[in-house]
Amino acid sequence: MATIDDCQSIHQLIVALSIFEKEPHQVDINVEDLIRDGFSDNPLFRCLVAQREQKIVGMALFYPRYSTWKGPTFHLEDLIVQKEHTHQGIGKQLFKEFIAYAYRQGVQRIEWAVLNWNKNAIDFYKKSGAKILEDWRLVQMTRQQMNQYLN
């Protein structure tokens, strides 16, 4: 499990992912946000990290949710491996550890989103036995959109 000392590396992985997903301008959080939100008395997320030669090269960041049909669930927000460390089994190890952790915690379901153009990720998840739902669409509203709706 990640520690406060890992937050700088976690942030660097998040920025690298935003560049890969062609959305580098979308990262608003900073290291202090990660420390506050992940390592307070009531953390909003948990994070597993993978290391090579004492450097963090990957992470799986997730948080609890609740399903009105299934009960406790976890949402895997991001599974990230540095580009130079892909195809070494690190992503698979992180994914397996996330699943094992969720199972030990007694959650009834895990879920995540994958971009429709990310064929490598889609293939990876299909090989795991996960079901990719085609009939559900992810819906989001930014803080600005919330404000517009409320006013």
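It should be noted that the structure appears before, not after, this text.
Residues numbered from 1 in each chain as written. Predicted model: local features only at pLDDT ≥ 70, side-chain atom pairs only at ≥ 80, totals over all residues. Heavy atoms only, no water.

Quick word on the packing of aromatic side chains
Next up, step 1: Counted by the stated rule, this structure contains 11 aromatic pairs.
Next up, step 2: Taking the centre distance of 5.2 Å and the plane angle of 55° together, the rings of F62 and F74 count as tilted. Of this pair, F62 sits in strand β2 (residues 55–67) while F74 sits in strand β3 (residues 71–81), and the two are 12 residues apart along the sequence.
Next up, step 3: Seen in terms of ring centroids, F74 and Y101 are 6.0 Å apart; in terms of plane orientation they differ by 15°. Their pairing is stacked. Taken as a pair, F74 in strand β3 and Y101 in helix α3 (residues 90–105) lie far apart in primary sequence, 27 residues in all.
Next up, step 4: For Y101, a relative accessible area of 11% gives the class buried.
Next up, step 5: Positioned above the aromatic ring of W117, the side-chain terminus of K22 is 4.2 Å from the ring centre. (Phe/Tyr/Trp six-rings, centres within 6.5 Å; stacked < 30°, edge-to-face > 60°. Helix = DSSP H or I, 4+ residues; strand = E, 2+ residues; numbered from the N terminus. Buried < 20%, exposed > 50% of the residue type's maximum accessible area, 1.4 Å probe, protein only. Lys NZ or Arg CZ within 6 Å of the ring centre and 35° of its normal.)

Digging into the layout of surface pockets
Next up, step 1: In this structure, the second largest pocket occupies an estimated 160 Å³ of space.
Next up, step 2: The wall of the second largest pocket is formed by S9, Q12, L13, R52, E53, K55, I56, V57, Q82 and H85.
Next up, step 3: Mapped by element, the contributors of at least two residues to the lining of the second largest pocket are α1 (7–20) and β2.
Next up, step 4: Residues that form the lining of the second largest pocket fall into these classes: three nonpolar, four polar and three charged. (1 Å grid on protein atoms, 1.4 Å probe; cavity = no way out; pocket = protein on both sides within 12 Å on 5 of 7 lines; lining within 4 Å. Points joined across faces, edges and corners; volume = space filled by probe spheres on them. Nonpolar A, V, L, I, M, F, W, Y, C, P; charged D, E, K, R; others polar.)

Points about the packing of α1 against helix α2 (residues 31–38)
Next up, step 1: Packing of α1 against α2 leaves a shortest axis separation of 9 Å and a crossing angle of 115°. By the angle class used here, α1 and α2 are roughly perpendicular. Where α1 crosses over α2, the two elements pack in a sense that is right-handed. Residue-level contacts link C7, Q8, I10, H11 and I14 of α1 to V31, L34 and I35 of α2.
Next up, step 2: Taken together, the residues of the contact of α1 with α2 break down into six nonpolar, two polar and no charged. (Axes fitted to C-alpha atoms, helices over the stretch in contact; angles between N-to-C directions. Parallel < 35°, antiparallel > 145°, perpendicular 65-115°, else oblique. Left-handed = near helix turned anticlockwise from the far one by under 90°. Contact = heavy atoms within 4.5 Å.)

A look at the nonpolar core
Next up, step 1: Among the nonpolar cores identified, the biggest contains 17 residues, and L48, F62, F74, L76, I90, L94 and F98 are the most heavily contacted of them.
Next up, step 2: When contributions to this core are tallied by element, the ones reaching two or more residues are β1 (46–52), β2, β3, α3 and α4 (119–127).
Next up, step 3: Here the element with the most residues in this core is α3; it accounts for six residues.
Next up, step 4: Not counting chain neighbours up to four residues away, the residues in contact with F74 comprise F62, Y63, P64, F98, Y101, A102, Q105, V107, R109, I110 and E111.
Next up, step 5: By size, the runner-up hydrophobic cluster in this structure holds 14 residues, among which are I14, C47, I56 and I80. (Core = buried A, V, L, I, M, F, W, Y, C linked by side-chain atoms within 4.5 Å.)

Concerning the side chain of H85
Next up, step 1: On the secondary structure map, H85 appears in the loop between β3 and α3.
Next up, step 2: The residues touching H85, leaving out its near neighbours within four places in the chain, are R52, V57 and I90.

Focus on α4
Next up, step 1: Among all positions of α4, only A121, I122 and Y125 are buried. An end-on view of α4 places all buried positions within 100° of arc, on one side of the element. Seen from the open side of α4, the exposed residues pointing more than 90 degrees away from its buried face are K119, N120, K126 and K127.
Next up, step 2: Summarising the contacts, the buried residues of α4 are in contact with β3, α3 and β4 (109–112).
Next up, step 3: Of the residues trailing α4, G129 is marked for its positive phi of about 95°. (Arc of directions from axis to C-beta.)

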